[in-house]
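Architecture at a glance
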Amino acid sequence: MDILIVVLIAHVVFGSLGLLSGTIIFFLKKGDNRHKVIGRVFAWSMYTSSIAAFILSLSNKLPFLLIISVFTLYMTYTGWRYLRIRKRIMFNKLKLKDWAVPAVMGAFSMALLVRALYALSVQNQFGWVMLFFSALSLMMVIQDLRVFSGKVDAKNFHQLMHIQRMIGAYIASITAFLVVNTSEKIELPFWVIWIGPTLIMMIPMTIWLRKYKVPLVQKNEDGVKEYSLPSTKDDED
């Protein structure tokens, strides 16, 4: 059997498993054992599907698949990683490998930006999609650099980043599903399918981030502001 057929099967199977497990997590209580178990299924499914998509994108020269695979890998990895490096962030003890991920993503974002501007210059409308994702990825890289520099405004910053990035990976899986299965069957502007899931899913993501945020600055019973450092209890670093 052709190796690319095996890669394609892995991409479809684990992509479907990731989409299913990600949907289930939305309706589970956050932080309990079921969330953790199914969360691991989701993460490893996203890893496998994205690596397969990356290989397919290079072998078949599919830019849309390349964009989604890189974004999914980045958001899944950073979403998982933030739960494990909070002590290193707090005490300014990050390692070279911690900085390497945003550095690589930053380089990819700049390359995507250049490609987007070129596409628009030759009237290729897909350039708008590339421009959107290059801006989005640069925003996330800047956010990573700010957090790594200790500029956080929440006691549980690691949990908030975990929520944000894992929802981002889930959005990427929805986008991939829609692009592959509906782009030629439903007459909609291409940007609706590509950007619509992000715009829609930003609503529940914003609600959850506000719900679970524990500010660094809080008022005590006397109305005096008190500052608290993020906890290092149960850190898995």
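Relevant structure appears above.
Presented here is an overview of the structure given in this document. If you're wondering where the values come from, they're calculated on a predicted model, not measured in any experiment.

Another point: the overall build of the protein chain. Helix and strand counts for the protein chain stand at eight helices and two strands. Starting at the N terminus and ending at the C terminus, the protein chain contains elements arranged as α-α-α-α-α-α-α-α-β-β. Considering only contacts in the protein chain between residues 6 or more positions apart, those separated by 24 or more positions represent 69%. Carbon together with sulfur atoms contributes 67% to the accessible area of the protein chain, which is approximately 13,900 Å² in total.

A word on the packing of helix α3 (residues 63–81) against helix α6 (residues 126–148). Contact geometry of α3 with α6 gives a least axis separation of 12 Å together with a crossing angle of 15°. By the angle between their directions, the pair α3 and α6 is classed as roughly parallel. At the point where α3 passes α6, the crossing takes the left-handed sense. Along its contact with α3, which presents Phe-64, Ile-67, Phe-71, Tyr-74, Met-75 and Thr-78, the element α6 presents Phe-126, Met-130, Phe-133, Leu-136, Ser-137, Met-140, Val-141 and Asp-144. A class-by-class count of the residues in the contact of α3 with α6 yields eleven nonpolar, two polar and one charged.

Time to look at unusual backbone geometry. For Lys-61, which is not glycine, the phi dihedral falls at a positive 55°. Relative to the helices and strands, Lys-61 is located in the loop between α2 (33–60) and α3. Even without being glycine, Gln-123 reaches a positive phi, approximately 65°. Positionally, Gln-123 belongs in the loop between α5 (96–121) and α6. Residue Gln-123 is classed as exposed on the basis of its relative accessible area, which comes to 62%.

Evaluated as defined, the whole model comprises ten aromatic pairs. Considering the side-chain rings of Phe-26 and Tyr-170, the 5.0 Å spacing of their centres and the 40° angle between planes classify their relative orientation as tilted. Taken together, the residues span a long stretch of sequence, with Phe-26 in helix α1 (residues 3–26) and Tyr-170 in helix α7 (residues 157–182) at a distance of 144 residues. Accessibility expressed as a relative area gives 9% for Tyr-170, which makes it buried. For the pair Trp-44 and Tyr-47, a centre-to-centre distance of 5.3 Å together with 65° between the ring planes defines the contact as edge-to-face. Residue Trp-44 and its partner Tyr-47 are located together in helix α2, separated by three residues, close to a single helical turn. Feature note: the residues Phe-71, Phe-126, Phe-132, Phe-133 and Trp-194 constitute an aromatic cluster, connected by ring pairs.

Okay, the nonpolar core next. Among the nonpolar cores identified, the biggest contains 38 residues, and Phe-71 and Trp-194 are the most heavily contacted of them. Of all elements in the fold, only α1, α2, α3, α5, α6, α7 and α8 (190–212) reach the threshold of two or more residues within this core. Broken down by element, the residue count for this core peaks at ten residues, all from α7. If sequence neighbours within four positions are ignored, Trp-194 has contacts with Phe-64, Ile-68, Phe-126, Val-129, Phe-133, Thr-175 and Val-179. The next biggest cluster of nonpolar side chains, apart from the first, holds eight residues, and it includes Tyr-82, Ile-85, Leu-94 and Val-147.

Further remarks concern α5. Since one α-helical turn is 3.6 residues long, residues separated by three or four positions face the same way. With 26 residues, α5 should cover 38 Å at 1.5 Å per step; its first-to-last C-alpha distance of 38 Å lies within 8% of that length. The first or second residue beyond α5 is Gln-123, which carries a positive phi of 65°.

Within the structure shown, the criterion is met by four salt bridges. Here Arg-88 makes a salt bridge to Asp-98, at a shortest N to O gap of 3.0 Å. With Arg-88 in helix α4 (residues 86–90) and Asp-98 in helix α5, this pair connects stretches of sequence that are ten residues apart. Residue Arg-88 is classed as buried on the basis of its relative accessible area, which comes to 8%. One salt-bridge network, in which partners are shared between bridges, spans Arg-81, Arg-88 and Asp-98.

What counts as what
- Residues numbered from 1 in each chain as written.
- Predicted model: local features only at pLDDT ≥ 70, side-chain atom pairs only at ≥ 80, totals over all residues.
- Heavy atoms only, no water.
- Helix = DSSP H or I, 4+ residues; strand = E, 2+ residues; numbered from the N terminus.
- Contact = heavy atoms within 4.5 Å.
- Areas by Shrake-Rupley, 256 points an atom, 1.4 Å probe, with all protein chains shown as cover.
- Axes fitted to C-alpha atoms, helices over the stretch in contact; angles between N-to-C directions.
- Parallel < 35°, antiparallel > 145°, perpendicular 65-115°, else oblique.
- Left-handed = near helix turned anticlockwise from the far one by under 90°.
- Nonpolar A, V, L, I, M, F, W, Y, C, P; charged D, E, K, R; others polar.
- Buried < 20%, exposed > 50% of the residue type's maximum accessible area, 1.4 Å probe, protein only.
- Phe/Tyr/Trp six-rings, centres within 6.5 Å; stacked < 30°, edge-to-face > 60°.
- Core = buried A, V, L, I, M, F, W, Y, C linked by side-chain atoms within 4.5 Å.
- Expected span 1.5 Å × (residues − 1).
- Salt bridge = Lys/Arg side-chain N within 4 Å of Asp/Glu carboxyl O.

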